[in-house]
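Residues per chain are reported as follows:
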Amino acid sequence: MTVDSALRSPVNYSPAGKDVKALRFIEEMTRNVDFVQKKVIREILSRNSETEYLKRFGLKGFTDRKTFKSKVPVVTYDDLKPEIQRIANGDRSMILSSHPITEFLTSSGTSAGERKLMPTIDEDMDRRQLLYSLLMPVMNLYVPGLDKGKALYFLFVKAESKTPGGLPARPVLTSYYKSEQFKRRPYDPYNVYTSPNEAILCPDSSQSMYSQMLCGLLMRHEVLRLGAVFASGLLRAIGFLQTNWKELADDISTGTLSSRISDPAIKESMSKILTKPDQELADFITSVCCQDNWEGIITKIWPNTKYLDVIVTGAMAQYIPMLEYYSGGLPMACTMYASSESYFGINMKPICKPSEVSYTIMPNMAYFEFLPHEVATEQSELVELADVEVGKEYELVITTYAGLNRYRVGDILQVTGFYNYAPQFKFVRRKNVLLSIESDKTDEAELQRAVENASVLLGEKGTRVIEYTSYAETKTIPGHYVIYWELLVKDQTKPPSDEVMAQCCLEMEESLNSVYRQSRVADKSIGPLEIRVVKNGTFEELMDYAISRGASINQYKVPRCVSFTPITELLDSRVVSTHFSPALPHWSPERRR
Ligand code: AMP
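Reading guide: rules and limits
Residues numbered from 1 in each chain as written. Predicted model: local features only at pLDDT ≥ 70, side-chain atom pairs only at ≥ 80, totals over all residues. Heavy atoms only, no water. Helix = DSSP H or I, 4+ residues; strand = E, 2+ residues; numbered from the N terminus. Rg over C-alpha atoms; globule rule 2.2 N^0.38 Å. Buried < 20%, exposed > 50% of the residue type's maximum accessible area, 1.4 Å probe, protein only. Contact = heavy atoms within 4.5 Å. Near = heavy atom within 4 Å. Polar contact = N/O pair within 3.5 Å; in protein donor to acceptor, adjacent residues only side chain to side chain. Areas by Shrake-Rupley, 256 points an atom, 1.4 Å probe, with all protein chains shown as cover. Salt bridge = Lys/Arg side-chain N within 4 Å of Asp/Glu carboxyl O. Axes fitted to C-alpha atoms, helices over the stretch in contact; angles between N-to-C directions. Parallel < 35°, antiparallel > 145°, perpendicular 65-115°, else oblique. Left-handed = near helix turned anticlockwise from the far one by under 90°. Nonpolar A, V, L, I, M, F, W, Y, C, P; charged D, E, K, R; others polar. Phe/Tyr/Trp six-rings, centres within 6.5 Å; stacked < 30°, edge-to-face > 60°. Lys NZ or Arg CZ within 6 Å of the ring centre and 35° of its normal. Pairing = 2+ DSSP bridges. 1 Å grid on protein atoms, 1.4 Å probe; cavity = no way out; pocket = protein on both sides within 12 Å on 5 of 7 lines; lining within 4 Å. Points joined across faces, edges and corners; volume = space filled by probe spheres on them.

1. A short note on the overall build of the chain
Move 1: Scanning the chain from N- to C-terminus turns up 20 helices and 20 strands.
Move 2: Scaling as 2.2 N^0.38, a compact globule of 593 residues should have a C-alpha radius of gyration of about 25 Å, and the chain matches this with 25 Å.
Move 3: By its C-alpha atoms, the chain is 75 × 65 × 50 Å across when sized along the principal axes.
Move 4: Put simply, the chain has 593 residues, and 56% of those count as buried.

Right under this line is the structure:
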């Protein structure tokens, strides 16, 4: 097959069969970016021309980009909320899309504390499936022989709910794992998982994790790659092994499944995998896991692992050192860039350093526009996918088949180069995210409100929070939020008790958005929030430090989140007391109306 030189395998692998088809598709898409984009917007506008939303802007049947851009405004989620709410309440008229909205995908981005609801239509599943189908053909160019073993992926479903109008509302991956496309996927030697579907589909995250880990241990020599969607998920699995290896080794030694597994479907599927005692394996697990030093544990337990399949770009970059530690420096492959709004693109060089990861947007997924970031004003012209410039940063704006029109995703991307004519993007950051441990995204306003609500509990004693900042503590598993407080204590003889401070921690958690609380309660992927009270004058010192490094005294503002080590060290050296949330905050899958 003839493919672009960049797609030639550096390991002399000759693609065959399905891979050739997929690689040809990538070639076709990336060579004809502008043509495909023109076609996509034409298709979207012609099929959605009779929707209430588009009719409002008087497109009069035009389907070209120029007219679209001149008439239809760029919007955020809050602009679309009335329409989304009507659909959620059961209005089946053509509001955003001419095709019926079949479910809402609940984004980890929130609005008023609740997950944003992204409309989706039936055929979107095929678009997502198409992007998935491109991943292994690209990976095979770099890592041959992946058909000779299995993938240990820790995959989970999350709780779902129904909108008042009866549409399912659930995260995109939950929707995908529960789909027939996933459950009844045809056998593919390149995509054989150690986890049975029943374990992935169990809504109890602890039973799901336990059985997935057990399968991974039982098939340890067959495992060729290890992964989770995000780095935090893989580390959570390592943390789980740290606390549960004895029970797992016990199951392996006796050949019987722990009584903690009550899910009948998991029990049934595990009965075919855990069929007999294996004392040798149990002894091995015990000898490796009982050691204090877990450096390189992944390669010890799974010696044939060629790479980790996890996203370590964006907020997940904070986990790279820990993954390096546990894996003894295995490559980390970030294969794709996607969201609930739409799937976007793939990494054409998946085995590269995390700092070099770039994603190539596939122009058939949606219509993409780019808002120049550095100089963004109300009048800024949005740039076409084919016209972005290397080195520049842009905010991603998309128009989808399901009815988002010129929607600001909130991701900031930088152009690093081109693959054929398709730009490649480094994920720079998500706008307005201050703190993130997992999929939670806490912004400055949410943190401010949480501090305000919590400090009410100090009120009657006349104690006030005079300054605060925060830090995402990710060296522990699971990570947790640390909030530094400097207090003004009116009556020095009566500083707030530990009990009051612990209640302040819990009150802060109660005030944070539902994605944070879900991670705390259902997924247990975030640990209890911690308040560290610092000595009086600490924030003054922080300012002195910033000024000594060149900050302007007039413009200095207390950073509401810190990560620079000298600053966290300074804060930690001034801590007078630490307090943890004593309980779980409230959370339920039902949305607040
Ligand atoms: P959600 O809507 O909850 O599915 O989250 C989608 C968001 O996750 C995207 O808009 C990005 O901010 C982030 N994200 C997804 N894929 C990646 C990636 N490969 N690297 C960095 N961030 C990502």
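2. Examining the side chain of His480
Move 1: Looking at the secondary structure, you find His480 in strand E18 (residues 480–488).
Move 2: For His480, a relative accessible area of 8% corresponds to the buried category.
Move 3: Residues within four places of His480 in sequence aside, it is in contact with Ile437, Tyr471, Ala472, Glu473, Ile526, Gly527, Pro528, Glu530 and Phe580.

3. What to know about the site of the ligand
Move 1: The ligand sits among 15 residues. The nearest are Ser108, Thr313, Ser340, Tyr359 and Asp411.
Move 2: The separation between an oxygen atom of the ligand and a polar side-chain atom of Ser340 is 2.8 Å.
Move 3: Between Arg430 and the ligand, the recorded distance is 3.0 Å, taken from a side-chain N or O atom to an oxygen atom.
Move 4: Taking 500 Å² as the accessible area of the ligand by itself, protein coverage stands at 90%.
Move 5: Of all the secondary structure elements, the ones that give two or more residues to the shell around the ligand are strand E1 (101–111), strand E9 (336–338), strand E15 (407–419) and strand E16 (422–430).

4. As for the environment of Ser161
Move 1: Among the secondary structure elements, Ser161 is positioned in strand E4 (residues 161–162).
Move 2: Ignoring any residue separated from it by four or fewer positions in sequence, one finds Ser161 in contact with Leu167, Pro168, Ala169, Pro589 and Glu590.

5. Re the pattern of salt bridges
Move 1: Within this structure, the stated rule accounts for 38 salt bridges.
Move 2: The residue Lys55 makes a salt bridge to Glu50 at a minimum N-O spacing of 3.8 Å.
Move 3: By relative accessible area, Glu50 is classed as partly exposed at 47%.
Move 4: Taken together, the salt bridges that share partners define one network made up of Asp34, Arg65, Lys69, Glu369, Glu384 and Arg406.

6. Regarding the packing of helix H16 (residues 444–455) against helix H17 (residues 498–511)
Move 1: Contact geometry for H16 and H17: axes closest at 8 Å, N-to-C directions at 140 degrees. Here H16 is positioned oblique relative to H17, judged by the angle of their axes. Relative to H17, H16 is oriented so that their crossing is right-handed. Here Leu447, Arg449, Ala450, Val451, Asn453 and Ala454 of H16 come into contact with H17, specifically with Cys504, Glu507, Met508 and Ser511.

7. Topic: the packing of helix H19 (residues 538–548) against helix H20 (residues 565–573)
Move 1: Relative orientation of the contacting elements H19 and H20 amounts to 155 degrees, with a least axis distance of 10 Å. With respect to their mutual orientation, H19 and H20 come out roughly antiparallel. Handedness of the H19/H20 crossing: right-handed. Each of Thr538, Glu541, Leu542 and Tyr545 in H19 lies in contact with H20, whose residues at this interface are Pro566, Ile567, Leu570 and Leu571.
Move 2: Partitioning the contact of H19 with H20 into residue classes produces six nonpolar, one polar and one charged.

8. A few points about the packing of aromatic side chains
Move 1: Across all of its chains, the model carries 18 aromatic pairs by this definition.
Move 2: The interplanar angle of 50 degrees and the centroid separation of 4.8 Å between the aromatic rings of Tyr481 and Tyr516 together place this pair among those described as tilted. On the criterion of sequence distance, the pair formed by Tyr481 in strand E18 and Tyr516 in helix H18 (residues 514–521) is long-range, its members being 35 residues apart.
Move 3: Relative accessible area serves as the criterion here: at 0%, Tyr481 is assigned to the buried category.
Move 4: Through a chain of ring-to-ring contacts, the aromatic side chains of Tyr132, Tyr153, Tyr176, Tyr177, Phe182, Tyr193 and Tyr343 assemble into a single cluster.
Move 5: The ring of Tyr401 has Arg127 sitting right over it, with the charged end atom 3.8 Å from the ring centre.

9. Some remarks on the sheet that holds strand E2 (residues 114–121)
Move 1: Read across the sheet, four strands follow the order E2-E1-E5-E4 without closing on themselves; strand pairing throughout is mixed. The strands lining the two open edges of the sheet, one partner per strand, are E2 and E4.
Move 2: Taken together, the two bridges between E1 and strand E5 (residues 168–170) define a ladder with parallel strand orientation. From the neighbouring strand, Phe104 faces E5, where its bridge partner is Ala169.
Move 3: Docked against the sheet, helix H6 (residues 124–142) engages E1 and E2, running at close to 95 degrees with respect to E2.

10. Concerning unusual backbone geometry
Move 1: For the peptide bond that leads from Ile477 to Pro478, omega is -10 degrees, which places it in the cis range.
Move 2: At Asn420, a residue that is not glycine, the phi angle is positive and equals roughly 50 degrees.
Move 3: Within the element layout of this structure, Asn420 appears in the loop between E15 and E16.

11. Examining the sheet that holds strand E3 (residues 150–154)
Move 1: Read across the sheet, four strands follow the order E3-E6-E7-E8 without closing on themselves; strand pairing throughout is parallel. Because the sheet does not close on itself, it has two edges, and the strands there are E3 and strand E8 (332–333).
Move 2: Bridge count for E3 against strand E6 (residues 223–230) is five bridges, and the pairing is parallel. Bridge pairing in E6 places Leu152 opposite Leu226.
Move 3: Together, E3, E6 and strand E7 (307–311) form the strand contacts of helix H11 (residues 231–254), whose direction differs from that of E6 by roughly 120 degrees.

12. A short note on empty space enclosed by the protein
Move 1: This model, assessed by the stated rule, comprises two cavities of 30 Å³ or more.
Move 2: By volume, the largest cavity amounts to about 130 Å³.
Move 3: Looking at the largest cavity, it is lined by 16 residues, and the ones nearest its centre are Asp124, Arg127, Glu341, Ser342 and Tyr343.
Move 4: Among the elements of the structure, E2 and H6 are those that each provide at least two residues to the lining of the largest cavity.
Move 5: Counting residues per element, the lining of the largest cavity draws most heavily on H6, at three residues.
Move 6: Looking at side-chain class alone, the lining of the largest cavity contains seven nonpolar, five polar and four charged residues.

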